[in-house]
Amino acid sequence: MPSPSLAAYAVRKRALTRAHDNMDVLGSAESPEVVELKHSHDLWYDDGSVVIIAQDTGFLVHRTILASHSSRFRELFRKLQSNEDPELSGDSPVPGVPSLRVDDAASDMEHLLHALYRRDYLESMVPHIPFAVLSSLMRSGHKYAITGIVDEAASHLEDYYTTDFKTWVEHCRGERETTYDHSETEEFAELIELVNLSRLTGKFNMLPLALYRCAQYSSEDLVYGYHRADGPIEYFSVSPYDSSRCLDGRDWLMQQSCRLTGTIGGATPAMSCKKIGGCAPWLLALYEEYVRALPELMAPDALASLEERLGPLKTCPGWTQLCDECRRLLVKRHEAAIWETWQQLPAALHLDGDEDDEDAVGAEWYQPLST
């Protein structure tokens, strides 16, 4: 694929500049001028003591509840009461009740307030929590210093972007489901957001698998990021350092993918092989079919399951004619090989720094593989 022209790069760079100019330090979209204030249907309590105004939406809520969970809200309420920052105050739609104007998107504030008022807010959406809700809560929770909300939202992502190899294998086998939904149309944007969220909130142990997933995309994608045609944020990109990590890691992952040739080529029938005449001929057939298809199958998905790696070969006789015992043994050989790749992944992505390094991966990544 030819490199993008300088003109195309300039367009993307301008889009990135506009997006960053319209975001606060935590990535919230700039609030448009309020034309007519709407009342939130679910977060409008008659006995509320403050109206939070985000964009064109007002939330009549209880100051004590917000202040008890957030030092940031406590500080904002102090400034509001002392009129220390006149820009915080807006025209209140409720006589005698102060209003606090914030620069968050209305949807972000809605998710945050729901999470504060309802302990089961996220659990009620399992197993189909939208990624956008988790992302919103992690950013807002960080902004308003509500650690519990950040940790709960992150826990749903950490189960997939795990430090535990066995958990990863269960996901690859389809034996373990995520509790949230990936976007089918904006997966790359979500991965970029996940990398940036990991850094923002200090959830660095999600970085190895998040960057591994990013490395499945093209070099052009990694360098230029993701451009959205519409929406509050037009442009998504990882930092140049993380982009470089993905590019270096992509080359290394391609090399690791070649190990599957040896895994299949060195396979022998199981001692308990059930096939009359044995499975050796079918293992040889699988190896020959794989070698012939190798140019089309090569990809940086070195941590994928064996069936994912085989792709269309799953319907070939070399795979379908293996007995269950021999197929199971081959899968175990493959998982032993990707365990070695797993152990090297943080170093390959330059995430194996000292413990004082910002992005160093914790020791739990390197726990020995138990049987």
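Residues numbered from 1 in each chain as written. Predicted model: local features only at pLDDT ≥ 70, side-chain atom pairs only at ≥ 80, totals over all residues. Heavy atoms only, no water.

### Things to note about the overall build of the chain
Spelled out, the test is: Every helix listed is a DSSP run of H or I at least four residues long, and every strand listed is a run of E at least two residues long, numbered separately from the N terminus. Exposure classes here rest on a 1.4 Å probe applied to the protein chains alone. A residue is buried below 20% of its type maximum, exposed above 50%, and partly exposed in between. Two residues qualify as a contact provided that any one of their heavy atoms is within 4.5 Å of a heavy atom in the partner residue. Here the accessible surface of atoms and residues is derived via Shrake-Rupley with a 1.4 Å probe, and residues count as covered only by protein chains that are part of the display.
Secondary structure summary: the chain contains 16 helices and eight strands in total. For the chain, the residues scored as buried account for 47% of the 371 residues in total. The contacts of the chain with a sequence gap of at least 6 include a subset with a gap of at least 24, amounting to 66%. When the accessible area of the chain is evaluated, it comes to approximately 18,900 Å², of which 51% is carbon and sulfur surface.

### Quick word on the pattern of salt bridges
The condition is simple: What makes a salt bridge here is a side-chain nitrogen of Lys or Arg within 4 Å of a carboxyl oxygen of Asp or Glu, nothing more.
In total, this model carries 19 salt bridges according to the counting rule given. The partner of Asp 324 in a salt bridge is Arg 327, with the nearest N and O atoms 3.3 Å apart. One end of the pair is Asp 324 and the other is Arg 327, both in helix α16 (residues 324-348) and three residues apart, which spans about a single turn. Classification of Arg 327 by relative accessible area gives buried; the value is 18%.

### Some remarks on α16
Stated formally: In this analysis, the expected span of each helix is defined as 1.5 Å times one less than the number of residues it contains. Throughout, the bend at a residue refers to the angle made by two axes, fitted to the seven residues ending there and to the seven starting there.
Relative to the 36 Å expected for 25 residues at 1.5 Å per residue, α16 spans 35 Å between its end C-alpha atoms, a close match to the ideal helical length. Of all the bends in α16, the greatest reaches close to 25° and is centred on Trp 342; the proline Pro 346 follows between one and four positions later. Where α16 ends, the next residue or the one after it, His 350, has phi of about 60°, a positive value.

### Digging into the environment of Val 223
Its location among the elements puts Val 223 in helix α10 (residues 219-224). The spatial distance from the C-alpha of Val 223 to the C-alpha of Ser 244 is 8.3 Å, given a sequence separation of 21 residues. Those residues in contact with Val 223, other than ones at most four positions away along the chain, are Ser 243 and Leu 247.

### Examining the pairing of strand β3 (residues 57-61)
Basically, it comes down to this: We call two strands paired when DSSP finds no fewer than two bridges between them.
Counted residue by residue, β3 has five buried out of five residues, so it is predominantly covered. Burial of β3 is two-sided: the residues Thr 57, Phe 59 and Val 61 facing one way and the residues Gly 58 and Leu 60 facing the other way are all buried. When strand β1 (residues 38-44) meets β3, the two strands line up parallel, connected through three bridges. Bridge pairing in β3 places His 39 opposite Gly 58. Direction of pairing for strand β2 (residues 50-54) relative to β3: antiparallel, over a ladder of five bridges.

### Observations concerning the packing of helix α4 (residues 106-117) against helix α5 (residues 131-143)
Convention followed: What counts as an axis is a line fitted to C-alpha atoms, over the stretch in contact for a helix, and the angles between N-to-C directions run from 0 to 180 degrees. Roughly parallel means an angle under 35 degrees; roughly antiparallel means over 145; roughly perpendicular covers 65 to 115; every other angle is labelled oblique. Under the convention adopted here, Pro, Cys and the residues Ala, Val, Leu, Ile, Met, Phe, Trp and Tyr are nonpolar, Asp, Glu, Lys and Arg are charged, and Gly plus all remaining residues are polar.
Interaxial distance between α4 and α5 falls to 9 Å at its minimum, and their mutual angle equals 80°. By the angle between their directions, the pair α4 and α5 is classed as roughly perpendicular. Where α4 abuts α5, its residues Asp 108, His 111, Leu 112 and Ala 115 lie against Val 133, Ser 136, Leu 137, Ser 140 and Gly 141. Looking at the contact of α4 with α5 residue by residue, the classes come out as four nonpolar, four polar and one charged.

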